[in-house]
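Architecture and fold: a report
For reference, the chains in residue letters:
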Amino acid sequence: MHGRVKVKTTEQQEREKKIERDGKLKAYRKAMSALLSRRAEGIKDDTQLMVSAQVLQSNPDISTLWNIRKEVLLHLVDLGSNSTEEADEKVFEKDAVLLKELDLTQQCLMTNPKSYGAWHHRTWSLEQMDNPDWNRELALCQRYLKLDERNFHCWDYRKWVAHRAAASPQSELDFTMEKIEENFSNYSAWHYRSKLLPLIFPGSVQDSIQEETIHSELDLVQNAAFTDPEDSSAWFYHTWLLGRQAEKSGIIYSLLENGTLTISCTEPIESAKLNVQVNESTENLSWEGEEERFNKLWTTKVSWKEGTKVKIFLSGSEDQYLQFSVDLDRQLLLGEKWKSTNQRFTNLPSQKTKPVLEQALDNCNQLLELEPDSKWTLFTKVLILLALDSHANHQEIITSLRNLTEIDKPRKNFFADLECRLRTEHCIETADSSTLDLSELNETRIQYHKQYLPAFKLVKLSSDK
Amino acid sequence: MPDQEDETLLIDKHASFLKRILLVLPGSSAPYDNQRVTLAYFSVSGLDVLNRLHLIDDMRESIIEWIYSNLINCDIDDNRYGFRGSSTFKLDSSDRPTNIHDYPHITMTYTALATLVILGDDLSRINGELISKGMRDLQLEDGSFQASAEGGENDMRFLYCAAAITSFIDSKAGIDVEKAINYVINSLSYEGAFGQGPWLEAHGGSTYCAVAALSLLGGLDRLPERKIESLVRWCVSKQISGFQGRPNKPEDTCYTFWLGATLKMLGFANCIDWPEIQKFILTTQDPITGGLARSSDICPDPLHTYLGLSGLSLAEPVLSPQLQIVDPALNISLRAKKHLESIHNQNES
């Protein structure tokens, strides 16, 4: 619903408007009735095109009308190709007929640039044509994006056109650069860039980007962010470049105690992915977990004799296994994904990335000196501090988050929640082998990374308890 | 406009506004002529959320019959079973397709089923198997859905409708769940939220559709914790006073539901300032006609009225106890959802 603006009108204007509205309504009803009854009689002609065009110009989202048009058009084109008359052929030549559709959709889009129906019909028309003019379409996109650069219908359409025109990702990247140079706050351009970069400069992990490219992008986006610190789009892009990458799923630990085997993973997985080999042959175990299908913690009952050789791994990660010989005591085996000061939730940056982050931090601090209440800057600073050294900067991170709860009040619970999460991570990383001390959190129960709990013999919560 | 300080939610005015829609629509609603089932849904569900369903007690049967009159029946080997948007393209009184362009539309099927359940219908006249069959036909290779076998665009909106329909008919036979989940995951943008499809920028509406679909299809666990972190951050950063749908866009009442419900499903509904959201919504309230609008300078409409109210019902802590709380994934009241569950339990026994 696109909304009618409230406008004060005199009585006379009201009456005139009513007459106009009534007229439009009558016209609409008459047109629909004519269209459908003629269609029912099997008529597929120019009149159908004319009448549907009238209705579509004010109601471009009635998809059925576009479909009626498609039928008529295909019929006329068919007539043209089967015709022996030269005159007929000219009139019904495919591309000529479809060019009119481009004109019509363009008219519809001028008043309704977000009409799904109009964009879709344009796509269909071009697909039917023998010689579509892709450059014309790119120029059309250019015009519409000038009017509203956030029109995602147009961006989607543009991407499709670029693909059909066999434009290279590099040329599309250059296009985004043009847009950004025109206006740093070109939000959709940043977005398009985020999709093109992994294609042109792929990193080692799927969907990632080469380190050098990340560095040059950081440089670019900082210009944008500092030109207008209130514009969140640049900060989000900045955050994404720095961001904590999702971890590949892996085993945190296994615990064998009193006939119960527990396996803990970083992400929820299906029990079918758990592989347990006993004396080198696969065991079929029935697993239990809090949820039915996906869990981070799975348990099962076993009755293994002392000395049994056990090997545990996840499907798809056979090289990261845990191996032990059963004995009667509590047996905790720490896996690849166990967290400590050396292997943290957010690891230290590479040698190349460190100076880039330090520069970014410096820039943020400078900006904060001028604008201490700039919430995006302060939040980005938190993320940079985290990325640089989550331990050395722990206190400053917490202080900044507290600060954010003051300067960005609507989101204070969000920052409090993030503080809780980061403190939990810090406690887990610095815990000794048997005790997890969460008392500094002032919580009565652990909220994050619960799958770590069973590994500890003692968990301290709020000091009151 | 009256002083903002004294504004409260005008429950009865909104109820009148929504009831009026069922009786008469202004000429400006002509573009929605072929989607009137959705308008019925906004009205009926809205009245339910306002605890004013009794106002249409006398119309209940006729509304149910009107909805069913838009059910297209078909043979087992045809894939045209489902609801059309209104009588606009229904050319005779047959329950079969009445002309070559008489097709069901997935959004109409979702909202029709929802409205029936809210009104207490037991869906016994619905053939779930034929719905599933028709739906399967609409799913594309990439996992997304088109709205209608007649053709048209495909994106997150219709994927959500498909997921919602599986809940109403209590069967996932109509969806290739894996493919659907993959389409959703592939639509994550660098900002951490979801676009209408891969390559598109994150948007409040498509983010809702994505998260709700994952929730309904059992796929929420497929989002790694780090992704949920950035998703929540994106959602909470959309609050200015009211919610905006994308960065650098104006606030709009309907995002109260799209984003409020998303945060609710993720368990983070307490991470925004609800009193501030309500303050914004009240500036869009029309004290004469009732109804809520997109923003304070626009006339109210059924969609924004309903989504403003259903969104507000999700406030944490509760702001307007007079409102019935909705189920965030299905967007019907918890009461209506209970009724749906009882229908399914009946069918099982």
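Quick caveat, the model's predicted, so the values are computed rather than measured. (Residues numbered from 1 in each chain as written. Chains lettered and ligands numbered in written order. Predicted model: local features only at pLDDT ≥ 70, side-chain atom pairs only at ≥ 80, totals over all residues. Heavy atoms only, no water.)

Of note, A:T266 is situated in strand β2 (residues 260-270). Among the residues examined, A:T266 registers a relative accessible area of 7% and is labelled buried. (Helix = DSSP H or I, 4+ residues; strand = E, 2+ residues; numbered from the N terminus. Buried < 20%, exposed > 50% of the residue type's maximum accessible area, 1.4 Å probe, protein only.)

Enumeration over the complete set of coordinates arrives at 31 aromatic pairs over all chains. Summarising the aromatic geometry, the rings of A:W119 and A:Y157 are spaced 5.0 Å apart at their centres and angled 50° between planes, so their arrangement reads as tilted. A residue pair is termed long-range when its members are at least 10 positions apart, and A:W119 in helix α6 (residues 116-128) and A:Y157 in helix α8 (residues 152-164) qualify at 38 residues. By relative accessible area, A:W119 is classed as buried at 4%. Note on A:F379 and A:F414: the rings are 6.2 Å apart at their centroids and 40° apart in plane angle, and the pair reads as tilted. Here A:F379, found in helix α14 (residues 375-388), pairs with A:F414, found in helix α16 (residues 412-430); they are 35 residues apart in sequence, far enough to count as distant. The exposure classification of A:F379 matches that of A:F414, with both residues buried. Chaining the aromatic ring pairs together yields one cluster made of B:Y41, B:F42, B:Y110, B:Y160, B:F168, B:Y208, B:F257, B:W258 and B:Y306. Of note, A:K339 hangs over the ring of A:F345, and the distance from its end group to the ring centre comes to 5.3 Å. Note that B:R80 overlies the ring of B:Y103, its terminal NZ or CZ placed 4.0 Å from the centroid. (Phe/Tyr/Trp six-rings, centres within 6.5 Å; stacked < 30°, edge-to-face > 60°. Lys NZ or Arg CZ within 6 Å of the ring centre and 35° of its normal.)

Turning our eyes to something else, we now look at helix α11 (residues 211-227) of chain A. Residue and element names in this part refer to chain A. Under the 1.5 Å per step criterion, the end-to-end length of α11 is 25 Å for 17 residues, consistent within 8% with the ideal 24 Å. Buried within α11 are the following residues: T213, H215, E217, L218, L220, V221, Q222, A224 and A225. Tucked inside the fold, the buried residues of α11 contact α9 (169-182), α10 (187-200), α12 (232-242) and α13 (353-370). (Expected span 1.5 Å × (residues − 1). Contact = heavy atoms within 4.5 Å.)

Before going further, it helps to examine the confidence of the model for chain A. Scored by pLDDT, chain A comes out at a mean of 88, with 95% of its residues at no less than 70. Here helix α4 (residues 86-91) of chain A stands out as the least confident element of chain A, with mean pLDDT 55; helix α15 (residues 394-407) of chain A is the most confident, with 97. (pLDDT = per-residue confidence, 0-100.)

Residues and elements named next belong to chain B. Two elements in contact, helix α8 (residues 204-216) and helix α9 (residues 225-236), have axes separated by 12 Å at closest approach and are oriented at 140°. Taken together, the axes of α8 and α9 are oblique relative to one another. Considering how the two elements wind past one another, α8 and α9 form a crossing that is left-handed. Here α8 contributes G204, T207 and V211 to the contact with α9, which in turn contributes L231, W234 and C235. Of the residues that constitute the contact of α8 with α9, the class distribution is four nonpolar, two polar and no charged. (Axes fitted to C-alpha atoms, helices over the stretch in contact; angles between N-to-C directions. Parallel < 35°, antiparallel > 145°, perpendicular 65-115°, else oblique. Left-handed = near helix turned anticlockwise from the far one by under 90°. Nonpolar A, V, L, I, M, F, W, Y, C, P; charged D, E, K, R; others polar.)

So, on to the interface of chain A and chain B. Residue-level contacts link 64 residues of chain A with 60 residues of chain B. For B:E201, the salt bridge is made with A:R150, and the minimal N-O distance between the two is 3.0 Å. On inspection of chain A and its partner chain B, the count reaches 21 residue pairs in polar contact (both at pLDDT 80 or more). It is α10(A) that contributes the most residues to the side of chain A that touches chain B, nine residues altogether. Across the side of chain A that touches chain B, the residue classes tally to 29 nonpolar, 17 polar and 18 charged. (Salt bridge = Lys/Arg side-chain N within 4 Å of Asp/Glu carboxyl O. Polar contact = N/O pair within 3.5 Å; in protein donor to acceptor, adjacent residues only side chain to side chain.)

By the definition in use, this model includes 42 salt bridges over all chains. Between B:R52 and B:D12 there is a salt bridge, and its shortest N-O distance comes to 2.8 Å. Of the two residues, B:R52 is situated in the loop between α2 (36-49) and α3 (60-69) and B:D12 in helix α1 (residues 11-23); the sequence distance between them amounts to 40 residues. Given a relative accessible area of 48%, B:D12 falls into the partly exposed group. Through salt bridges with shared partners, one network takes in A:K296, A:R421, B:E225 and B:E229.

Residues and elements named next belong to chain A. Taken in spatial order, the four strands of this open sheet run β4-β3-β6-β7, and their pairing is antiparallel. Single-partner strands in this sheet number two, and they are β4 (281-282) and β7 (322-325). Both strand β6 (residues 309-314) and β7 contribute to a ladder of four bridges, which runs antiparallel. Paired with V310 across the bridge in β7 is F324. (Pairing = 2+ DSSP bridges.)

Let's shift gears to the confidence of the model for chain B. With 98% of its residues at a pLDDT of 70 or more, chain B shows a mean pLDDT of 94. With a pTM of 0.91, the predicted complex shows an ipTM of 0.91.

Looking now at unusual backbone geometry. Residues and elements named next belong to chain B. Following E316, the chain continues to P317 via a peptide bond in cis, the omega torsion being -5°. Looking at the secondary structure, you find P317 in the loop between α12 (302-312) and β5 (326-327). Positioned with a positive phi, N331 is a non-glycine residue whose angle comes to about 60°. Within the secondary structure, N331 is located in the loop between β5 and β6 (332-333).

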